[in-house]
Amino acid sequence: MPSLLTRRPETKSFSIEDLLDRVRRGEVRIPDFQRPLRWTADDVRDLLDSVYRGYPIGTLLFWRREAPASSVSFGPVRIDAPSTSQGLWAVDGQQRVTALAGVLLHPAYGDELGRDDFHLYFDLETEELLPPSKNATPPSHWLPMNEVLDSESLLNWLNRYPAREAHPEHIRAAIRLGKAIREYQVPAYVVDTTDEKVLRIIFKRLNTAGRPLTDEEVFNALYVGSRSLSLESVTQGLRELGFGAVPESLLLRAVLAVRGLDFTRSYQQQLHQDDDFTETVQRTERALRDAIVFLKRDAFIPHLKLLPSPENSLVLLTRFFQLHPEPSPRSRELLSRWFWRHVVFGGWVLKPAEALELVAAMRSDEERSIQAMLAQVASPLIPWWLEAGLPVIPNPEVAQPPPVMRIVLVSLLPRHLLTGAVLDPGELLDSGTEGFLDILPMESAPEWAVRGGGFQRTFQLLAPFNSLFHPSLAGTSVLELLKQGSLPDQEILVSHGLTPAMLEYLRRGEAVDFLRQRRAHLEPVVRQFIEARTRWDDSDRPSLQSMIIDDGDD
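Within each chain, residues carry numbers counting from 1 in the order of the written sequence. pLDDT decides what is reported in this predicted model: residues at 70 or higher carry local features, side-chain atom pairs at 80 or more are listed and counted, and totals for whole chains, interfaces and linings draw on all residues regardless. Note that water and hydrogens are dropped before the side-chain values are worked out from all heavy atoms of the structure.

## Quick look at the pattern of salt bridges
Then step 1. Whenever Lys or Arg places a side-chain nitrogen within 4 Å of a carboxyl oxygen from Asp or Glu, that contact is recorded as a salt bridge. In the structure shown here, the tally under the stated rule is 25 salt bridges.
Then step 2. Among the ionic pairs, Arg337 bridges to Asp540, the shortest N-O distance being 2.8 Å. With Arg337 in helix H12 (residues 329-346) and Asp540 in the loop between helix H22 (511-534) and helix H23 (544-547), the pair connects residues that are 203 residues apart, well separated along the chain. Grouping residues by exposure puts Arg337 and Asp540 together as buried.
Then step 3. The salt bridge involving Arg508 is made with Glu510; its shortest N-O contact spans 3.4 Å.
Then step 4. Three or more residues are tied together by salt bridges with common partners; here these are Asp18, Asp21, Arg22, Arg25 and Glu27. Starting at the N terminus, helices and strands are each numbered in turn, a helix being any DSSP run of H or I of at least four residues and a strand any DSSP run of E of at least two. Only protein chains enter the area calculation, which uses a 1.4 Å probe; residues under 20% of their type maximum are buried, those over 50% are exposed, and those in between are partly exposed.

What follows is the structure, encoded as C-alpha cells:
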C-alpha cells in the first residue's frame, strides 16, 4: 500500500520572476525519474505566448527536500547549484519550467549558439513571438526574449533601440510584455515528504491518468467550438443515411479537403490559431451527404465497410460534391466510371502526391473537372477482367475477399441460408461484424485442408471465392450447413453464387474442386460487373449541352 502524506500539499503561486530567480539560485531541480525533454520549438513558443496573453498554463507540482550541490540544466541554461535544504524538485512541470528558463534566461543570442528551440524574439510591430530566421539578421524591431525578464536589462535594450522616438508604441509594447512576463502567476503544489516512492506514484498518476485528447477533439475545441456542430455530431447525423459510421478522423480529412488544404497531412501543420472552421464543417457535412448518396445510388457501394480506401475515395468525392453539389446525370455516370476505374486499378490506394493531383483537377467547371479526373486514370494495356486466361482478381488476399469481390457478392442480393430473407447489407455490417464468412475455415477443419490434390498450393489463387456474405450461424458453420442433405432453395443458392453441383464436392470433402467450380461460376459475374462499372471502351465525352458553343462567347 502507498504511504499517506502526513502533511497536506502547500498551495501557492510563483511569479515567473520569482520562479526563475529560484532557478538561477539553484533551488529548482529535476528528479531522476522525470522523462526526457519532449517539447518542440512550437510548444515552447506557445507557452510563452500563453503567458504574454494571460492564458492559464497549468499547475506545477514541486517536491520540497534537500538538494546536493550539482550542475543543473534547463535547456541551454546551465546552473552551478549549491546544496540547499529547500530544494524544489519539479515532479510535474519540467517541460514548462525548462521552456520558461530556456527562453528568458537564454545565455547566447546573436550567434549560432543561440539558434535553438529556446531562441525567440518579440516583434514590436505585430506583437508576436517569432523564432530567428535561419540565414538572416533579425530586424531591429525584434526584441530578444532574454532581455525581457530583468527590467533593467529591458530598459537598457530600449535605450539602444534606434526607433524609440519614431515609434513610441514599440516602447509601450515592450514594457507591457516585460510586465506581463515578470508578474505572471504560476499556480503550484509543494509536497513535503521523505518518501520518494510517494512522489513516483504521484508522478505516474498525473502523467498516465485520463485519456489524452485526440486530434479530432483538439480540432473541435480550437476551430469549431460548437458542441452542436462538432465532428462527433456530424458523424452521428450521417448515420441516418444507412452508410455506416464515418470516423471523425475521416471527416477531419474531408474538412481539410473542402477548405482546399492538404488532407494527407496533419491539420496542426497548416492552420493558424485564429482560423474558424464552423462554416467549413457545415459545407463538408452537406457535400459528404451528397457523396454518400452518390456512392449508394450511382456507384453501387451500399456501406462504408465495402468502400475501398475511404480515406482517399470518400474524401475526394466530398471535395467534388462541395464544388458541384448537383452534377448532371452525365456527370454522375462519368464520375462513377472514374471511381470504379480507381477501384480496379489500385483499390484507391494513392500516394499523397497522387491524391493532391486529383484535388487539383477539381475546378469550378463541372465538365472540365470530370474530364481532367478521368484523364488521370489511363486505360490499361490489358483489360485482364475480360481475358479468360487471366485471373479476374489479381493478387488475391488470403485473409478476406478483395474489395471488388466483396462488392460483387453483396450485389447478388444474398439471402439468409435458413430463412431465405434478403439480407440488408447496412444492418449486417452495422452489427459489428465484417459480414463475410469463410465457407471452408482452414483453422477449424484441418482434415480437408490436405485433401483434393494440392489444396495448399492453390489456395491463394482460389481464396477470393471461399467467402459469402452472411451473418454468423449460431451452433453451426456455413460448411456444416451446406453439407447437410437438404439443400437450401435454388433462389438462396443463386444469391450466394452457389450451385447444387458445388455442394456435392463439399459433401465428398473435395475442397479444391469446390473452389474451382465456384471460381468458374463467379468469374464471369465479376468480369461483367467490372465491365459495366468501368466502361473503358465507351466514350467518356462530356454531355452534349456542355459542348454547345454560346454565340456570346465569340
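## Regarding helix H9 (residues 248-258)
Then step 1. Along H9, eight of the 11 residues are buried, which leaves the element largely enclosed by surrounding structure.
Then step 2. Within H9 the residues assigned to the buried category are Leu250, Leu251, Leu252, Ala254, Val255, Leu256, Ala257 and Val258.
Then step 3. Just downstream of H9, Gly260 is the residue with a positive phi angle, here 85°.

## Focus: the side chain of Glu366
Then step 1. Position of Glu366 among the secondary structure elements: in helix H14 (residues 366-375).
Then step 2. When checking whether two residues touch, look at their non-hydrogen atoms; a contact exists if any pair is within 4.5 Å. Glu366 has contacts with Phe320, His324, Glu326, Pro327, Ser328 and Ser331, leaving out every residue within four places of it along the chain.

## Things to note about the nonpolar core
Then step 1. Core analysis: the biggest nonpolar cluster contains 73 residues, and Phe219, Leu295, Ile301, Trp338 and Phe339 have the highest contact counts within it.
Then step 2. Each residue touching Phe219, except ones within four places of it in the same chain, is listed here: Val224, Leu231, Leu252, Val255, Tyr267, Leu271, Phe277 and Val281.
Then step 3. Think of a nonpolar core as a cluster: buried Ala, Val, Leu, Ile, Met, Phe, Trp, Tyr and Cys residues, connected wherever their side-chain atoms sit within 4.5 Å. Within the second largest apolar cluster, 51 residues are counted, among which are Phe14, Ile57, Phe118 and Phe122.

## Re the sheet that holds strand E8 (residues 128-130)
Then step 1. Strands were regarded as paired on the criterion that DSSP finds at least two bridges between them. As summarised here, the arrangement of the three strands in space is E8-E7-E9, forming an open sheet in which the pairing is antiparallel. Each having just a single partner strand, E8 and strand E9 (142-144) make up the two edges of the open sheet. Mean inter-strand twist for the sheet, computed between neighbouring axes without regard to direction, equals 35°.
Then step 2. Summarising the sheet, strand E7 (residues 121-123) and E8 pair through three bridges and their orientation is antiparallel. In the sheet register, Asp123 faces E8, and the bridge partner there is Glu128. Angles run from 0 to 180 degrees between N-to-C directions of axes, and those axes are lines fitted to C-alpha atoms, restricted for helices to the stretch in contact.

These figures come from the coordinates and say nothing about function on their own.
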